[in-house]
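# Residue-level structure breakdown
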There are 2 protein chains.
Amino acid sequence: MSDGTPTDRTELRREPQLGVHDPEVIRSIIDGALICHLGLTDTDGHPLVIPTIHARVDDQLYVHGSAASRTLRRMATGIEVCCTITHVDGIVLARSAFWSSMNYRSVMVFGRARPVTDPDEIDLALDAIVEHIAPGRSAEVRRPTRKELQATKVLALTIDEASAKVRTGDPNDDPADLASDVWAGVVPITTQFGAPIATSGLDPAVPIPVSVRRMLAPRQS
Amino acid sequence: MSDGTPTDRTELRREPQLGVHDPEVIRSIIDGALICHLGLTDTDGHPLVIPTIHARVDDQLYVHGSAASRTLRRMATGIEVCCTITHVDGIVLARSAFWSSMNYRSVMVFGRARPVTDPDEIDLALDAIVEHIAPGRSAEVRRPTRKELQATKVLALTIDEASAKVRTGDPNDDPADLASDVWAGVVPITTQFGAPIATSGLDPAVPIPVSVRRMLAPRQS
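Keep in mind the model is a prediction, meaning the values are calculated, not measured.

Turning next to the interface of chain A and chain B. When the parts of a complex come together, some accessible area is lost, and that lost area is often taken as the interface size. Taken together, the contact between chain A and chain B spans 82 residues of the former and 82 residues of the latter. Across the interface of chain A and chain B, roughly 6600 Å² is buried in total on both sides, 67% from carbon and sulfur atoms. For the pair chain A and chain B, the number of links is two salt bridges. In this structure, Arg142(A) and Asp177(B) form a salt bridge, with 2.8 Å as the shortest nitrogen-oxygen distance. Counting every contact that joins chain A to chain B gives 28 residue pairs in polar contact (both at pLDDT 80 or more). At the level of secondary structure, the elements contributing two or more residues to the side of chain A that touches chain B comprise strand S2 (35-41), strand S3 (47-57), strand S5 (80-93), strand S6 (101-112), helix H3 (119-133), strand S10 (185-193), strand S11 (197-198) and helix H5 (210-215) of chain A. The element contributing the most residues to the side of chain A that touches chain B is S10(A), with nine residues.

So this is what it looks like as structure tokens:
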């Protein structure tokens, strides 16, 4: 994991006061998000942004997908990628359009993806991806078969060049607007899990497992 | 707006059954999301993925930012960008790790960003961005001054090369797993707006405006 020293890419030129290089904050933003947006440059030179599930183990950020995926195969060649993770925490309503904003926490991780080939690390990564979404689930489900593992590609990105940007709190109104009679403030945003819907045909005697009951407990982000 | 005919970039090679080229679906996914993730290739060739607020007017997707932003200035030179918008609608828990998934709706829009320079179109775009988040808000707030407009850059991306990918419903379990006693189903995910928090020092006599009361009404996505 990075010690937090900004590089040329992770140093914020715009709004440097929102920049965070604390590894603890970076980890919590990564871990609290359901998905990331992975950016790469395609063979013909155009950028591509792919939403995908991720999981972190120590300083490794894992993603996975079909071994037949053209995009994953391209990333596995070691091209540069940018993984961005964003939580939108609130709408910031200022007294003016210009100063209106959002409260958010975002992380950008830069680097070259590494194809994971060691069977133990593949197991670790795939379990981490299941656990990332539903802690405890990996012990409840059937484990991957050899054929399923062959159909799956896992990539790792080392979190050593990363930065976070965090905005919290009230709008920064122009002092000249403070006397106006326009309401200003923040509308908080949260992500909620709803009541689980059993798949059609599920034996009604099968109880809702611990992993799902845990998901329904209030979430931090 | 695209008539929906896939191009080489928007035709799904993986899981083509999830591909949607219906312009109506693409528009609803764009309009229902608070933010997008904009991908571009930086001057030194590495990919960059930026989370930002967007708004759509007809077939134009608008984003904005500081006129001093290096990234926005780079996009304004007409380089290729990829704008990805993703809603995570549910966790799909299969009886096996392999078939576990997510329900989601995502859109990718490809093209070259155009710097918006016409003052009327800048007004239209900035109003649309405010309205995208809080319908009715643009009429409540102080409008941008000439100086604020000079500090703001607006870019437009024509939605003519776009595709959506939508997954809904139950897990697709392996038929061999259907007899297992593992719970399977979907945990729905929704985004909720919480009670508005007035900015510190706001005159308590200022009522919560119509735009904020509208935001608190249940949201579709």
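Listed in full, the buried residues belonging to helix H1 (residues 23-32) of chain A are Pro23(A), Ile26(A), Ile29(A), Ile30(A) and Gly32(A). Residue Asp22(A) occupies the N-cap position of H1(A), its side-chain oxygen lying 2.9 Å from the main-chain nitrogen of Glu24(A).

Attention now moves to the pairing of strand S4 (residues 60-66) of chain A. All names here are of chain A. The buried fraction of S4 is high, at five of seven residues. In this sheet, S4 lies alongside S3 in antiparallel orientation, the contact comprising four bridges. Within S4, the position partnered with Arg56 by the bridge is Leu61. In sequence, S3 turns back onto S4 through a hairpin of two residues, with Asp58 there showing a positive phi of about 55°. Relative to strand S8 (residues 152-158), S4 runs antiparallel, the two being bridged by seven bridges. Within S8, the residue paired with Tyr62 across the bridge is Ala156.

This next bit is on the nonpolar core. Residues Met75(A), Val109(A), Met75(B) and Val109(B) are the most contacted members of the largest nonpolar core, which totals 59 residues. Ignoring any residue separated from it by four or fewer positions in sequence, one finds Val109(A) in contact with Ile30(A), Leu61(A), Val81(A), Cys82(A), Cys83(A), Leu157(A), Thr158(A), Ile159(A), Glu161(A) and Ala162(A).

Another point: the side chain of Glu148(A). If you trace the backbone, Glu148(A) turns up in helix H4 (residues 146-150). Once residues within four sequence positions are removed from consideration, Glu148(A) is found in contact with Arg142(A), Arg143(A), Phe98(B), Trp99(B) and Asp174(B).

With that settled, the discussion passes to the relation of the copies chain A and chain B. Under the fitted operation, chain A is carried onto chain B by 0.0 Å of movement along the axis and a turn of 180°, and the coordinates agree to an RMSD of 0.0 Å. Between the two chains, the operation in question is that of a two-fold axis. For chain A, the smallest separation between a C-alpha atom and the rotation axis is recorded for Thr191(A), amounting to 2.3 Å. With an isologous cut-off of 70% or more, the 100% of interface residues of chain A that recur at the interface of chain B puts this contact in the isologous class.

Criteria and thresholds
Residues numbered from 1 in each chain as written. Chains lettered and ligands numbered in written order. Predicted model: local features only at pLDDT ≥ 70, side-chain atom pairs only at ≥ 80, totals over all residues. Heavy atoms only, no water. Contact = heavy atoms within 4.5 Å. Buried area = accessible area lost by both parts, 1.4 Å probe. Salt bridge = Lys/Arg side-chain N within 4 Å of Asp/Glu carboxyl O. Polar contact = N/O pair within 3.5 Å; in protein donor to acceptor, adjacent residues only side chain to side chain. Helix = DSSP H or I, 4+ residues; strand = E, 2+ residues; numbered from the N terminus. Buried < 20%, exposed > 50% of the residue type's maximum accessible area, 1.4 Å probe, protein only. Pairing = 2+ DSSP bridges. Core = buried A, V, L, I, M, F, W, Y, C linked by side-chain atoms within 4.5 Å. Least-squares fit on C-alpha atoms with pLDDT ≥ 70 in both.

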